[in-house]
Amino acid sequence: MQLYKSYHNTQEVFLIFGGFASHFSHFEPFFRDYLLLYNYTHLDFNALLQSFNALPKDCKITLIAFSMGVFVARIFLSIQNFKPHKAIAINGTEYGIQNDYGIPLALFRRTHQQFLKHQDFAFAQFKSNLFGEHLNKTRNFSFLDSNILCDELAFFMETCAKHSTLLEPIAWDFALISTRDLICNPKAQRAFWSGRANIIELNAPHFAFFNWKF
């Protein structure tokens, strides 16, 4: 897990849990003051907690969890005594990989196999599904090496299986669901978030940040 920090105003900071294949360049056009977790290989949050200690005690931290980052944020919130100013989930669920309330395991396994065997084709298809009609706006976005992304996919499959049981309920303010999401089925998202958070639906692809402004 990597931590990226970019902030000038420490009175209000966004804490972003990125999704699979996220990179800080994906969020720079949309956020000025933020911390980003990405490239998940473990669930050790010590570096993040140390960054919290460097912020003023009255700093307002708004949590934004995107895609598989919703699952990671659930783990973090369940084990740490941390209450964000607001918590917003975007195109993901607390399960991450789950047949009824997340990305089906068979689909995730197939994606992993495609990345292993046909990296260039699989990556191009993934980016098309991720960004949709905004793909041509992402020319300056960076991505980690395909082998690293394969490892991240494997990490998610293993870790979601280990944390398949929800424990204490997490207080989310909003769940943003893209109606044209080709990665995490909107129907599965609605089924999970109903009664758990205020649902906002948006006519957008999976990566909703070109369409949504906080």
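Everything quoted here is computed from the prediction, not taken from an experiment.

**Focus: the sheet that holds strand β2 (residues 12-17)**
Ordered in space as β1-β3-β2-β4-β5-β6-β7, the seven strands form an open sheet in which the pairing is mixed. Strands at the two margins of the open sheet, each flanked by one partner only, are β1 (2-6) and β7 (198-202). Looking at each pair of strands side by side, their axes are set apart by 20° on average, direction ignored. As paired elements, β2 and strand β3 (residues 34-38) share four bridges and run parallel to each other. Within β3, the residue paired with Phe17 across the bridge is Leu37.

**Brief notes about the pairing of β3**
By the criterion of burial, β3 is predominantly enclosed, with five of the five residues buried. Side chains of β3 alternate between two faces, with Tyr34, Leu36 and Tyr38 and Leu35 and Leu37 buried alike. As paired elements, β1 and β3 share five bridges and run antiparallel to each other. Bridge pairing links Ser6 to Tyr34 in β3.

**Comments concerning helix α1 (residues 46-53)**
Three or more residues of α1 are buried, namely Leu48, Ser51 and Phe52. Across the axial projection of α1, the buried residues extend over an arc of 105°, all falling on one side. Facing away from the buried side of α1 by over 90 degrees, the exposed positions are Gln50 and Asn53. Those residues of α1 hidden inside the fold are in contact with β1, β2, β3, β4 (60-66) and α2 (69-79).

**Section: the packing of helix α3 (residues 105-117) against helix α4 (residues 119-131)**
Two elements in contact, α3 and α4, have axes separated by 6 Å at closest approach and are oriented at 135°. Viewed along their axes, α3 and α4 adopt a mutual orientation that is oblique. Of α4, the residues touching α3 (which contributes Gln114, Phe115, Leu116 and Lys117) are Gln119, Ala122, Phe123 and Phe126. Taken together, the residues of the contact of α3 with α4 sort by class into five nonpolar, two polar and one charged.

Quick notes on the rules
Residues numbered from 1 in each chain as written. Predicted model: local features only at pLDDT ≥ 70, side-chain atom pairs only at ≥ 80, totals over all residues. Heavy atoms only, no water. Pairing = 2+ DSSP bridges. Helix = DSSP H or I, 4+ residues; strand = E, 2+ residues; numbered from the N terminus. Axes fitted to C-alpha atoms, helices over the stretch in contact; angles between N-to-C directions. Buried < 20%, exposed > 50% of the residue type's maximum accessible area, 1.4 Å probe, protein only. Arc of directions from axis to C-beta. Contact = heavy atoms within 4.5 Å. Parallel < 35°, antiparallel > 145°, perpendicular 65-115°, else oblique. Nonpolar A, V, L, I, M, F, W, Y, C, P; charged D, E, K, R; others polar.

Coordinates in, geometry out; function isn't part of it.
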